[in-house]
Amino acid sequence: MQANGQDKPNGHVGARDGSDEALVRIEGLHKWFGNHHVLKGIDVTLDPGEVQVVIGPSGSGKSTLLRCVNLLEIPSEGHVWFRGSDLTDIRTDLNRMRTHMGIVFQSFNLFPHKTVMKNITLALHKVLGLGDEEARSRAVEQLEHVGLGQKADAYPGQLSGGQQQRVAIARALAMEPTLMLFDEVTSALDPELVGEVLEVMQELAEGGMTMMVVTHEMGFAREVGTWLLFMEDGVVLERGKPKEIFANPQHERTKTFLSAVL
Amino acid sequence: MAISATRPEEQSVGSAITGEAPPDVRGPTAPFPRAIFLLGLASLLVLAIGTVAIQIDYAVVAPPLSQECINAGIDADFTGHAGVCHIIQGLRATEMKVVFILTIVLGLAAIVLGFSTYRKMDTRRKRDNAYDGAILGIQAVLVAAFVWWFSASQQFLTFAKLDLNFAVLAGHVDDFLRGAKNTLVLAFGGEAGGIVIGLVLSLMVLSSRRVVRAPARTYINFFRGTPLIWQLSFAYFGLFLGLGWNPSPFLAAAIVLAVNTGAYSAEVFRAGIQSIERGQVEAARGLGMTYLQSMRYVVVPQAIRRVIPPLMNEFVILIKDTSLVIVLGLAASQFELYSTSQDLYSSTFSATAFVAVALGYLAVTLPLIALVNYVERRLRSGLVGAGGVH
């Protein structure tokens, strides 16, 4: 987590020294939904092992930004580089690139007609082409990792929200991605179930996973984030070390937002 | 209000908020709700059981033909004269008048008692009992009065000759069974082909590409926009022959039914696929699946479950629509239910053939309708929400 400990000035992290070690590089990203200009020129870079937390009021475009990283939303303008490939280039094999980045959603999106085990092994079989045995062993390993080893044969509908979300995380991790995207993954959970999901995410971060996390959990942002990015109205207002921003927000809007949510 | 203001020391906490309680106007509770319900039920049962018993009695005892039957032409020269006349005699018998009168008396009693007391019942269930009893009474009285009046009229003789001459069915049971078999073959054939065509069309219609959507839309609009009877006639008499192909009318009909059902089930599938949450595709694509993989392994299996009830509904409609193949002039061995009855009618001139074939259709469709309702209830009772149907 502390690998990139050197201080960088707030808001300038996108303009890096051009080395290619970055895992994700977003350049000049714009997104329109019809006439609605949701993202207005975003530049963000993420190095391996970093946790990028994105906060901001609802409607600020933070989920859209996250979904542009694996091109579930197609950027209207700009580039998204992942491991040196330009995902916005039409010739890039998106399906293959997506196997290297897991995404977890607010609404879990488990496949309700399949057991927990099959939820996880489906893509291992059909996308990675793994055999039965290897797929199963990977699934078991990830389920145990999220503390749900005994739920392999349950259907998603039989699990609590927190358990479902942990299965969704296990499903993404089983692909052995190099980047994990979390889109408000605790927002749909009962308050008492939030902790178990955040715990899994924190462990993941401590294990060195590169993550981009859209969240309203300020405690998580402060403790786990390498970088904190505050968005409003489609632009990045502030980016820096979480503790610094929490202690000393530069922007007036950041101040009012933080005082409202903390 | 004046009370609470002037006598604060006498107020309880409750009355300070609600004011004085309204007077109790409920009056005494009415008795026997159950008896009123049973009275209404009894009036209907007396009518039904009495009628059946008297009809059986006349059929078994077989008294000689009455003069009025003979005068109406229901005599030895008329095929099935005994059966028809016994129905008439049974309905006009003195015992039957007793049944009618008893039904009407019981029914009226239920109506009067039910409507005069239901407001005074002290529970909702008792009130429903009284109310239901009165409604059953109304039904019994109306049916009894109509049957009594109509069976006593001169016109009834003609009606019975035409529609209640069940003797003409004798020896044709096999024809009806064959008809039922052919109807089901056509319906299942049409449905099987229709499901395949419909699934492909629905995926085309959902494509993001206009050039893929357009032909599928055209197909669907064309077959939904023209009458099935036109499609059958044109395909068989015009298109197939014009293309130099001469299939049997039965095969041609099966093909047209499949092609037509495809258009309708495409819309059912499209709605089913669109009803699956966007997040399902996003999760699948997020795992690196292609569009087709996410459809095949994630969306379609879930959509299939949701479209089973509407598809079965379409199937019930298709069963009835198979009757239209009669316009192609089927060979006798290919008669389905409706052509069987039409054929029997043209050889006997008795519309009883049509009465019988309605029973044939209902024997197939009613169980299916019950099954649709059952499946719908199961799907709605949370099994979808719970995820698996296992």
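Criteria and cut-off values
- Residues numbered from 1 in each chain as written.
- Chains lettered and ligands numbered in written order.
- Predicted model: local features only at pLDDT ≥ 70, side-chain atom pairs only at ≥ 80, totals over all residues.
- Heavy atoms only, no water.
- Helix = DSSP H or I, 4+ residues; strand = E, 2+ residues; numbered from the N terminus.
- Rg over C-alpha atoms; globule rule 2.2 N^0.38 Å.
- Contact = heavy atoms within 4.5 Å.
- Areas by Shrake-Rupley, 256 points an atom, 1.4 Å probe, with all protein chains shown as cover.
- Lys, Arg positive; Asp, Glu negative; His and termini not counted.
- Charge placed at Lys NZ, Arg CZ, Asp CG, Glu CD.
- Buried area = accessible area lost by both parts, 1.4 Å probe.
- Salt bridge = Lys/Arg side-chain N within 4 Å of Asp/Glu carboxyl O.
- Polar contact = N/O pair within 3.5 Å; in protein donor to acceptor, adjacent residues only side chain to side chain.
- Nonpolar A, V, L, I, M, F, W, Y, C, P; charged D, E, K, R; others polar.
- Pairing = 2+ DSSP bridges.
- Axes fitted to C-alpha atoms, helices over the stretch in contact; angles between N-to-C directions.
- Buried < 20%, exposed > 50% of the residue type's maximum accessible area, 1.4 Å probe, protein only.
- Arc of directions from axis to C-beta.
- Disulfide = S-S within 2.5 Å.
- 1 Å grid on protein atoms, 1.4 Å probe; cavity = no way out; pocket = protein on both sides within 12 Å on 5 of 7 lines; lining within 4 Å.
- Points joined across faces, edges and corners; volume = space filled by probe spheres on them.
- pLDDT = per-residue confidence, 0-100.

Student: For this particular structure, what's the right way to read the overall build of chain B?
Tutor: Counting secondary structure elements, chain B contains 16 helices and zero strands. Here the C-alpha radius of gyration of chain B, 31 Å, is well above what a compact globule of 390 residues would show, namely 21 Å. Counting only C-alpha atoms and orienting by the principal axes, one finds that chain B spans roughly 90 × 85 × 35 Å. Intrachain contacts of chain B at a sequence separation of at least 6 include 76% that bridge at least 24 residues. In the structure as shown, chain B presents an accessible area of about 20,900 Å², 67% of it carried by carbon and sulfur atoms. Of the charged side chains in chain B, 29 are positive and 24 negative; the average position of the first set lies 12 Å away from that of the second.

Student: Sorry, what's going on with the interface of chain A and chain B here?
Tutor: Where interface size is quoted, it is often the accessible area lost as the parts come together. Across the boundary between the two partners, chain A contributes 25 residues, which contact 23 residues of chain B. Between chain A and chain B lies a buried interface of about 2,000 Å² when both sides are counted; carbon and sulfur atoms form 60% of it. At the junction of chain A with chain B, the criterion picks out one salt bridge. Between Arg67(A) and Glu282(B) there is a salt bridge, with the nearest N and O atoms lying 2.6 Å from each other. Inspection of the region where chain A meets chain B yields six residue pairs in polar contact (both at pLDDT 80 or more). Sorting the residues of the side of chain A that touches chain B by element identifies helix H2 (94-98), strand S6 (101-104), helix H3 (116-126) and helix H5 (161-173) of chain A as the ones contributing at least two each. Per-element accounting of the side of chain A that touches chain B gives the leading share, three residues, to H3(A). Here the side of chain A that touches chain B is composed, by residue class, of 13 nonpolar, seven polar and five charged.

Student: How should I be thinking about the sheet that holds strand S5 (residues 85-86) of chain A in this particular structure?
Tutor: Residues and elements named next belong to chain A. With antiparallel pairing, the four strands of this open sheet are ordered in space as S2-S1-S4-S5. With one partner strand each, in any of the chains shown, strand S2 (36-46) and S5 form the two edges of the open sheet. Where strand S1 (residues 24-33) lies against strand S4 (residues 77-82), five bridges are found, and the strand directions are antiparallel. Residue pairing across strands places Glu-27 opposite His-79, the latter belonging to S4. Together, S1, S2 and S4 form the strand contacts of helix H1 (residues 62-69), whose direction differs from that of S1 by roughly 120 degrees.

Student: I keep staring at helix H9 (residues 252-261) of chain A and nothing clicks. Help me out?
Tutor: Residue pairs three or four apart in sequence face the same way in an α-helix, which turns once every 3.6 residues. Residues and elements named next belong to chain A. All of the buried residues along H9 are Thr-254, Phe-257 and Leu-258. End-on view of H9: buried residues confined to an arc of 95 degrees, all on one side of the axis. Structural note: H9 exposes Glu-252, Ser-259 and Ala-260 on the side pointing more than 90 degrees away from its buried face. Those residues of H9 that are buried lie in contact with strand S3 (51-55), helix H7 (218-224), strand S9 (227-232), strand S10 (235-240) and helix H8 (242-247).

Student: Explain the sheet that holds S6(A) here, please?
Tutor: The strands that make up a sheet are held in pairs by hydrogen bonds between backbone atoms, and each pair lies either parallel or antiparallel. Residues and elements named next belong to chain A. Taken together, the six strands give an open sheet; going across it, the order is S6-S7-S8-S3-S9-S10, and neighbouring strands pair in mixed fashion. Strand pairing shows two members of the sheet lacking a second neighbour, S6 and S10, which therefore form its edges. The sheet shows a mean angle of 15 degrees between the axes of neighbouring strands, taken without regard to direction. Contacts from helix H6 (residues 191-206) reach S3, strand S7 (179-183) and strand S8 (210-214), with the element oriented near 145 degrees to S8.

Student: Could you clarify how one ought to interpret the state of the cysteines in this entry?
Tutor: Here, disulfide denotes a covalent bond that connects the sulfur atoms of two cysteines. All names here are of chain B. For the structure on display, the rule yields one disulfide over all chains. The disulfide partner of Cys-69 is Cys-85, and the gap between their sulfur atoms is 2.1 Å. Sign of the S-S torsion, about 100 degrees for the bond between Cys-69 and Cys-85, identifies this disulfide as right-handed. Placement of Cys-69 in helix H4 (residues 67-71) and of Cys-85 in helix H5 (residues 81-92) is noted, with a sequence separation of 16 residues between them. Residue Cys-85 is classed as buried on the basis of its relative accessible area of 0%.

Student: Is there a simple way to explain the pairing of S9(A) in this structure?
Tutor: Here is the key point about a regular strand: its side chains alternate between the two faces of the sheet. All names here are of chain A. Judged by how many residues are buried, S9 sits mostly within the fold: five of six residues are covered. With four bridges joining them, S3 and S9 adopt parallel strand pairing. Bridging across to S9, Val-53 finds its partner in Leu-228. Examined bridge by bridge, S9 and S10 share five bridges and lie antiparallel to one another. From the neighbouring strand, Leu-229 faces S10, where its bridge partner is Arg-239. Counting the residues between successive antiparallel strands, the hairpin from S9 to S10 contains two residues, one of them, Asp-233, with a positive phi of roughly 55 degrees.

Student: Would you mind showing me how to read the layout of surface pockets here?
Tutor: To locate leftover empty space, one rolls a probe as large as a water molecule over the atoms. Of the volumes computed, that of the largest pocket is approximately 840 Å³. Around the largest pocket, the lining is made up of 21 residues, and of these Ser208(B), Arg278(B), Val281(B), Arg285(B) and Tyr291(B) lie nearest the centre. Going through the elements one at a time, H2 of chain A together with helix H12 (249-274), helix H13 (278-286) and helix H14 (291-321) of chain B are the ones with two or more residues in the lining of the largest pocket. Looking at side-chain class alone, the lining of the largest pocket contains 10 nonpolar, five polar and six charged residues.

Student: What's the story with the confidence of the model for chain B in this structure? I'm lost.
Tutor: The predicted coordinates should not be examined in detail at positions where pLDDT is low. Residue and element names in this part refer to chain B. Per-residue confidence for chain B gives a mean pLDDT of 88; residues scoring 70 or more make up 93%. Mean pLDDT across the secondary structure elements of chain B bottoms out at helix H1 (residues 2-6), with 45, and peaks at helix H10 (residues 210-225), with 96. Segment residues 1-11 is flagged for pLDDT under 50; beyond a separation of four residues in sequence, or across chains, it makes three contacts in the model. Scored below 50 in pLDDT, residues 382-390 makes 18 contacts in the model with residues more than four places away or belonging to other chains.

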